[in-house]
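Topology and contacts: notes
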Amino acid sequence: MSEVIVITSGKGGVGKTTTTANVGTGLAQLNKKVVLIDTDIGLRNLDVVMGLENRIVYNLVDVVEGNCRMKQALIKDKKYPNLFLLPSAQTRDKSSVNPDQMVELVNELREEFDYILLDCPAGIEQGFQNAIAAADRALVVTTPEVSAIRDADRIIGLLEAHEIRRSHLVVNRIRMDMVKRGDMMSVEDVKEILAVDLIGAVPDDEQIVISTNQGEPLVGNESLAGQAYANICRRIIGEDVPFLDLEIKNGVLAKFASLFKKN
Amino acid sequence: MSSPVILKSNRYGINLVLDDEIPFDELKEGILLKFREAEKFFKNSDIVISFEGRNLSKEEESTIIDLITQNTTINIACIADNDPQKELFFKKKLDQHQTQSIPNSGEFYKGTLRSGQVLSCESSIVIVGDVNPGAKIIASGNIVIIGSLKGNAFAGAKGDESCFVMALDMDPVQVQIATIIGRSADRGPFEAIRNRRHALDPQMAFVSDGNILMEPISKNLLNRL
């Protein structure tokens, strides 16, 4: 029996897809059986970020409409045999699927997988409704900016209204240099405003851009962002992991220090 | 033989259907008779009244009203113009009347209002929780927030300027009382967060001289209410 997690934010561009890709891959690294579902119909990009674009034959809408079997649509990851992707359709739009169909689809997958991650589109309309329909819990992603926080607050309210009470916060793209100067909100500030438990804080990292463009999630590697995502995965499976000290600068000495400081 | 006065009533009001040919004095007798019968049903209630079937002058209407109030325990809340005479219409009038005459009643809500949520109430309201930016609380009466007000509050929604908004931590985006709107000082939303006061600063917002005024809550202020 699996845990169904929706990754949502309200605001676009804060890192939902990046988080889904990295958390999914990280859980697979911990030997869990994971399926990622891209629910952004019409504007899919989870497949691009995972580097699996050229392997897509069937998609989510095909499964819902009965054009293919689930097994035909699921794509196995390049590196991890226990990680699968159910891509979205690029040529349809969000009205092609309704919440009930999503629930049915997810239920079909529950037997086989330990974790089902749903990458939610931005907004609060049909796409969002579809994505949260079958979820047991939510990861709400936000950046430390007022506009993203407003939207995250709205989303948390909507999640509560839909009876999804287990929501955890991911604060993404934190820049400690700006926080110290007082130009950016700290993780504590965001946590206090949204009043939701924190599951991880990911620093802004150039490596993310590189990894996205190459289609290879960076979770688990030596970059700070990679470490942060790995810690989030461990917290999801129930481990109690102390939060990273994000103030480590990316100098040569610091790289050595973090290699020794493996935890 | 048709009766000169017919009472058509619902729970909230009475429509008097009057014969328009008989002389006024006879009409008065008919009305008194009918109302004595109706009194058992409407004893001590507030009702709305309307007239149909006969054009009455203002004096005649007054006379009839006096007749009813002096001879029965029925309390006429107001006179309604002819149409529409549906139950809903009477009820609305009655609700307004009743809310204005019970200023000390209110509703209670426990929980935080998140962005996009709207809480609306017909009387006063006490919220135990926060009102986040993007959330709105609308009340016909007063608003008391045991928590932070960071969103929008609209008190006196039916036009009552004597209503107020009180909060343990007063930091609203906008406060409206009746038709007067006050907005927060122009500063980026980030500054508001950065300069967050960690000590509570209970304040009250009320109308003074056509503007919204906010003052720290003190005995003096409460006495002035």
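Refer to the structure presented above.
Residues numbered from 1 in each chain as written. Chains lettered and ligands numbered in written order. Predicted model: local features only at pLDDT ≥ 70, side-chain atom pairs only at ≥ 80, totals over all residues.

**Looking at the overall build of chain B**
Defined as follows: Only DSSP runs of H or I covering at least 4 residues are called helices, and only runs of E covering at least 2 are called strands; the numbering of each starts at the N terminus. The contact criterion used here is simple: two residues whose C-beta atoms, placed from the backbone, lie within 7 Å are in contact.
Within chain B, the secondary structure is distributed over 5 helices and 15 strands. Pairs at least 24 apart in sequence give 39% of the contacts found in chain B among residues at least 6 apart.

**With respect to the overall build of chain A**
Using the following cut-off: Throughout, radius of gyration means the C-alpha value; the globule benchmark is 2.2 Å times the number of residues raised to the power 0.38. Counting other C-beta atoms within 10 Å of a residue's C-beta gives its exposure: the residue is buried at 20 or more, exposed at 12 or fewer, and partly exposed in between, where C-beta atoms are placed from the backbone.
Within chain A, the secondary structure is distributed over 12 helices and 8 strands. Against the globule reference of 18 Å for 263 residues, chain A gives a C-alpha radius of gyration of 18 Å, in line with a compact fold. Overall size of chain A, expressed as C-alpha extent along the three principal axes, is 55 × 40 × 30 Å. Within chain A, the fraction of its 263 residues that count as buried is 49%. Residue pairs at least 24 apart in sequence account for 75% of intrachain contacts in chain A once pairs closer than 6 positions are excluded.

**Considerations on the pairing of strand β2 (residues 13-18) of chain B**
All names here are of chain B. For clarity, the cut-off: Whether two strands pair comes down to DSSP finding at least two bridges between them. Every crossover in which the path from the first strand over the helix to the second runs clockwise, viewed with the strands pointing away from the viewer, is termed right-handed.
With 6 bridges connecting them, strand β1 (residues 5-10) and β2 associate as antiparallel partners. Paired with Leu7 across the bridge in β2 is Leu16. Pairing of β2 with strand β3 (residues 46-52), which is carried by 5 bridges, proceeds in the parallel orientation. Bridge pairing links Gly13 to Val48 in β3. Running through helix α1 (residues 24-42), the crossover from β2 to the neighbouring parallel element β3 is right-handed.

**Comments concerning helix α9 (residues 187-194) of chain A**
Residues and elements named next belong to chain A. What counts is decided by this rule: An arc is given here, and it is the one of the directions from the helix axis to the C-beta atoms.
By the burial criterion, the buried members of α9 are Val190, Ile193 and Leu194. Seen end-on, α9 carries its buried residues on one side only, within an arc spanning 85 degrees. Opposite its buried face, α9 presents the exposed residues Glu188 and Glu192, each directed more than 90 degrees away. Downstream of α9 by one or two residues, Ala195 has phi in the positive range, about 55 degrees.

**Comments concerning the sheet that holds β2(B)**
Residue and element names in this part refer to chain B. So the rule is basically this: In this analysis an axis means a line fitted to C-alpha atoms, helices contributing only their contacting stretch, and an angle means the value between N-to-C directions, from 0 to 180 degrees.
Reading across from one edge, β1-β2-β3-β4 is the order of the 4 strands in this open sheet, with mixed pairing throughout. In the strand order of this sheet, the two ends are held by β1 and β4 (75-79), each with one partner. Mean inter-strand twist for the sheet, computed between neighbouring axes without regard to direction, equals 30 degrees. Across the sheet, α1 is in contact with β1, β2 and β3; its angle to β1 comes to roughly 30 degrees.

**A short note on the interface of chain A and chain B**
Cut-off, in case you're wondering: Amino acids are sorted into nonpolar (Ala, Val, Leu, Ile, Met, Phe, Trp, Tyr, Cys and Pro), charged (Asp, Glu, Lys and Arg) and polar (every other residue, Gly among them).
Each partner contributes to the interface: chain A provides 11 residues, whereas chain B provides 12 residues. Contributions of two or more residues to the side of chain A that touches chain B are made by α7 (146-161) and α9 of chain A. For the side of chain A that touches chain B, the element with the highest residue contribution is α7(A), accounting for 6 residues. The residue makeup of the side of chain A that touches chain B, split by class, is 5 nonpolar, 2 polar and 4 charged.

**So, α7(A)**
Residue and element names in this part refer to chain A. The line we're drawing: One less than the number of residues in a helix, times 1.5 Å, gives the span that helix is expected to have.
In this model α7 runs 23 Å from its N-terminal to its C-terminal C-alpha over 16 residues, within 8% of the 22 Å that 1.5 Å per residue would give. α7 sits mainly inside the fold: 12 of its 16 residues count as buried. Looking only at α7, the buried set comprises Ala148, Ile149, Arg150, Asp151, Ala152, Asp153, Arg154, Ile155, Ile156, Gly157, Leu158 and Leu159. Those residues of α7 that are buried lie in contact with β1 (3-8), α6 (126-132), β6 (137-142), β7 (167-174) and α9. The first or second residue beyond α7 is Glu163, which carries a positive phi of 70 degrees.

**Overview of unusual backbone geometry**
All names here are of chain A. Positive phi, close to 70 degrees, is recorded for Asn31, a residue that is not glycine. Within the secondary structure layout, Asn31 lies in the loop between α1 (16-29) and β2 (34-38). With a phi close to 65 degrees, Arg173 is a non-glycine residue in the positive phi region. Take Arg173: it is sitting in strand β7.

**Thoughts on the sheet that holds strand β11 (residues 165-170) of chain B**
Residues and elements named next belong to chain B. Spatial ordering of the open sheet is given by β5-β7-β9-β11-β14-β15, a layout of 6 strands whose pairing is mixed. Every other strand in the sheet has two partners, leaving β5 (106-110) and β15 (211-216) as the edge strands with one partner each. Averaged over all adjacent pairs, the angle separating strand axes in this sheet is 25 degrees, with direction ignored. Across 5 bridges, the pairing between β5 and strand β7 (residues 124-128) is parallel. Each residue of the ladder has a partner; that of Phe108, found in β7, is Val126.

**Things to note about the pairing of strand β14 (residues 203-208) of chain B**
All names here are of chain B. Burial analysis of β14 places 5 of its 6 residues in the buried class, which makes it a mostly covered element. Bridge analysis of β11 against β14 gives 3 bridges, and the strand direction is antiparallel. By the bridge assignment for β14, Met166 is matched with Met204. Pairing between β14 and β15: 6 bridges, direction antiparallel. By the bridge assignment, Phe206 is partnered in β15 with Leu213.

**Focus on the packing of α1(B) against helix α2 (residues 58-71) of chain B**
All names here are of chain B. Which entries qualify depends on this criterion: A crossing counts as left-handed when the near helix is turned anticlockwise from the far one by less than a right angle, and as right-handed when that turn is clockwise.
At a closest axis distance of 10 Å, the pairing of α1 and α2 adopts a crossing angle of 35 degrees. Note that α1 runs across α2; the crossing there is right-handed. Residue-level inspection shows Phe24, Lys28, Ile31, Leu32 and Phe35 of α1 in contact with α2, the latter providing Glu60, Ile64, Leu67, Ile68 and Asn71. Among the residues making up the contact of α1 with α2, the classes are represented as 7 nonpolar, 1 polar and 2 charged.

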